[in-house]
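Each chain, letter by letter, is given below.
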Amino acid sequence: FAKNQSELPYAIFNEDMLAENMLRLELGSQLRHALDRDELTLLYQPMVQLCDGTTAGFEALLRWEHPEHGTVSPNMFIPIAESNGLIVEIGKWVLRKACQQAKLWQVEFGRPIMISVNVSVRQLSASGFVEAVNEALEETQLQPECLKLEVTESLLMQDPESTIELLHELRRIGLTIGIDDFGTGYSSLSYLHRMPLDILKVDRSFVDSMFDSDKNAALIRSILALAKSLELNVVAEGVETRAQLQRLQDLGCHFVQGFYFSHPLKPDAASEMINHHWL
Ligand code: C2E
Ligand code: MG
Ligand code: MG
Ligand code: MG
């Protein structure tokens, strides 16, 4: 037993993991200053409307330009921000910044531009979330109809009853609500039916494996059928090839997003995509 105990740490913490844990600790403490030092930025990935090939809007994706480590992925620092609570402040910054950008585009292009913002568990469940949304809208004078929130499926099902109430409140304000990474969580169909949603975003993994087998293709088809019966529009994320695009078009998907069209872009480059015709 003693032998096992002494061996265990070595088995679990190899050098890579130790380095990664050190990095997480380091990033956690530096994240507190990242906001003040203006190290956070948003990139914008176009969302393409399949019925006419126009740009339907953009998804705002967060990056941390770290002075030593370069660009840090949100997959790395959002979980850290969630665990130390900074996500609330970061989330407010993201909302304000995204609304500001959408408003700038609206003024420049003379028509409303839809912006999607990702919202995480702790942010949504923290008190004051609705107020933060209202503040961002007021401060930037953006119409609520231009703001869409993306909430992951796993989050929605954590505490469905109170989430349903909150989503109703956000929708009353005029926001659009999308369920992100759909198919990877464990949605109860009865709850899904009661969720005030507008958009269902098919997880990238389904698009990825679409041609692997008949079963996988059937999976996407059934998600689309489910969306139709719930009267939701469908976005497919992670579209990387023309073949995927064509199949999704045939299946009746409404919107697509992915590297096949564009990577997430800096605001100036994104501006140039607003009047772009994709198909
Ligand atoms: P997500 O919301 O599901 O965003 C999609 C991710 O897939 C993005 O990664 C995007 O850059 C990437 N992607 C887009 N098209 C393709 C493609 O064709 N192929 C591949 N392989 N990837 C593609 P990113 O920007 O690294 O963001 C990762 C996740 O971090 C997001 O997943 C989202 O859950 C979270 N996140 C990003 N920004 C924010 C934010 O402002 N707040 C919160 N709470 N979470 C955020
Ligand atoms: Mg998203
Ligand atoms: Mg997603
Ligand atoms: Mg994701």
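Each remark here, short or long, concerns the structure printed above.
The structure reproduced in this document is the subject of the present report. The structure presented is a predicted model; accordingly, all values stated were derived computationally and were not measured.

### Comments concerning the overall build of the protein
Moving on, step 1. What the protein contains, in helices and strands, is 13 helices and 9 strands.
Moving on, step 2. By the compact-globule yardstick of 19 Å for 279 residues, the protein fits well, its C-alpha radius of gyration being 20 Å.
Moving on, step 3. Burial analysis of the protein (279 residues in total) assigns 47% to the buried set.
Moving on, step 4. Once local pairs closer than 6 in sequence are excluded, the contacts in the protein between residues at least 24 apart make up 69%.
Moving on, step 5. Accessible surface for the protein amounts to roughly 14500 Å². Of this, 51% is attributable to carbon and sulfur atoms.
Moving on, step 6. When the 23 positive and 39 negative side-chain charges of the protein are each reduced to one mean point, those points stand 3 Å apart.

### Re the packing of helix α2 (residues 15-34) against helix α3 (residues 74-84)
Moving on, step 1. Interaxial distance between α2 and α3 falls to 10 Å at its minimum, and their mutual angle equals 70°. Between α2 and α3, the angle is such that the two are roughly perpendicular. Crossing geometry of α2 relative to α3 is assigned as right-handed. For the pair α2 and α3, the contacting residues are Leu23, Arg24, Leu27, Gly28, Leu31 and Arg32 in the first and Met76, Phe77, Pro79, Ile80, Ala81 and Asn84 in the second.

### Let's talk about the coordination of the magnesium ion (ligand 3)
Moving on, step 1. Taken together, Asp180 (OD), Asp181 (OD), Glu237 (OE) and Glu237 (OE) make up the full set of protein donors to the magnesium ion (ligand 3), lying 2.1 to 2.4 Å away.
Moving on, step 2. Mapped onto the sequence, the residues coordinating the magnesium ion (ligand 3) show the spacing D-D-x55-E.
Moving on, step 3. The metal-metal distance between the magnesium ion (ligand 3) and the magnesium ion (ligand 2) is 4.2 Å, with Asp180 serving as a donor to both. Taken together, the residues Asp180 in strand β6 (residues 176-182) and Glu237 in the loop between β8 (233-236) and α12 (242-251) connect sequence positions 57 residues apart. Comparing Asp180 with Glu237 shows no difference in burial state: the two are buried.

### Section: the site of ligand 1
Moving on, step 1. The full set close to ligand 1 counts 22 residues, and Arg63, Asn118, Asp180, Glu240 and Phe259 are the nearest of them.
Moving on, step 2. In the model, a nitrogen atom of ligand 1 is placed 3.1 Å from a nitrogen or oxygen of the Leu62 main chain.
Moving on, step 3. Taking Ser120, its side chain carries an N or O atom lying 3.3 Å from a nitrogen atom of ligand 1.
Moving on, step 4. Contact with the protein chains hides 86% of the accessible area of ligand 1, taken as 800 Å² for the molecule alone.
Moving on, step 5. If you list the elements that add at least two residues to the shell around ligand 1, you get β2 (55-66), α3 and β6.
Moving on, step 6. Looking at which element gives the most residues to the shell around ligand 1, the answer is β2, with 4 residues.

### Thoughts on the packing of helix α11 (residues 214-229) against α12
Moving on, step 1. One can describe the packing of α11 onto α12 by two numbers: an axis separation of 10 Å at closest approach and a directional angle of 45°. With respect to their mutual orientation, α11 and α12 come out oblique. Between α11 and α12 lies a crossing whose hand is right-handed. Residues Ala217, Ile220, Arg221 and Leu224 of α11 touch α12, and the partners they reach there are Arg247, Leu248 and Leu251.
Moving on, step 2. Of the residues belonging to the contact of α11 with α12, the class tally is 5 nonpolar, no polar and 2 charged.

### Some words on the pairing of strand β7 (residues 199-202)
Moving on, step 1. Residues Ile199 and Lys201 line one face of β7 and the alternating positions Leu200 and Val202 line the opposite face, and both faces are buried.
Moving on, step 2. With 3 bridges joining them, β6 and β7 adopt parallel strand pairing. Bridge pairing in β7 places Gly178 opposite Ile199.
Moving on, step 3. The β-α-β motif built from β6, the intervening helix α9 (residues 189-194) and the parallel element β7 has right-handed crossover chirality.
Moving on, step 4. Where β7 lies against β8, 4 bridges are found, and the strand directions are parallel. In the strand pairing of β8, Val202 is matched with Ala236.

Reading guide: rules and limits
- Residues numbered from 1 in each chain as written.
- Chains lettered and ligands numbered in written order.
- Predicted model: local features only at pLDDT ≥ 70, side-chain atom pairs only at ≥ 80, totals over all residues.
- Heavy atoms only, no water.
- Helix = DSSP H or I, 4+ residues; strand = E, 2+ residues; numbered from the N terminus.
- Rg over C-alpha atoms; globule rule 2.2 N^0.38 Å.
- Buried < 20%, exposed > 50% of the residue type's maximum accessible area, 1.4 Å probe, protein only.
- Contact = heavy atoms within 4.5 Å.
- Areas by Shrake-Rupley, 256 points an atom, 1.4 Å probe, with all protein chains shown as cover.
- Lys, Arg positive; Asp, Glu negative; His and termini not counted.
- Charge placed at Lys NZ, Arg CZ, Asp CG, Glu CD.
- Axes fitted to C-alpha atoms, helices over the stretch in contact; angles between N-to-C directions.
- Parallel < 35°, antiparallel > 145°, perpendicular 65-115°, else oblique.
- Left-handed = near helix turned anticlockwise from the far one by under 90°.
- Donors = N, O, S within 2.8 Å, 3.2 Å for Na, K, Ca; no water.
- Near = heavy atom within 4 Å.
- Polar contact = N/O pair within 3.5 Å; in protein donor to acceptor, adjacent residues only side chain to side chain.
- Nonpolar A, V, L, I, M, F, W, Y, C, P; charged D, E, K, R; others polar.
- Pairing = 2+ DSSP bridges.
- Right-handed = clockwise from strand over helix to strand, strands pointing away.

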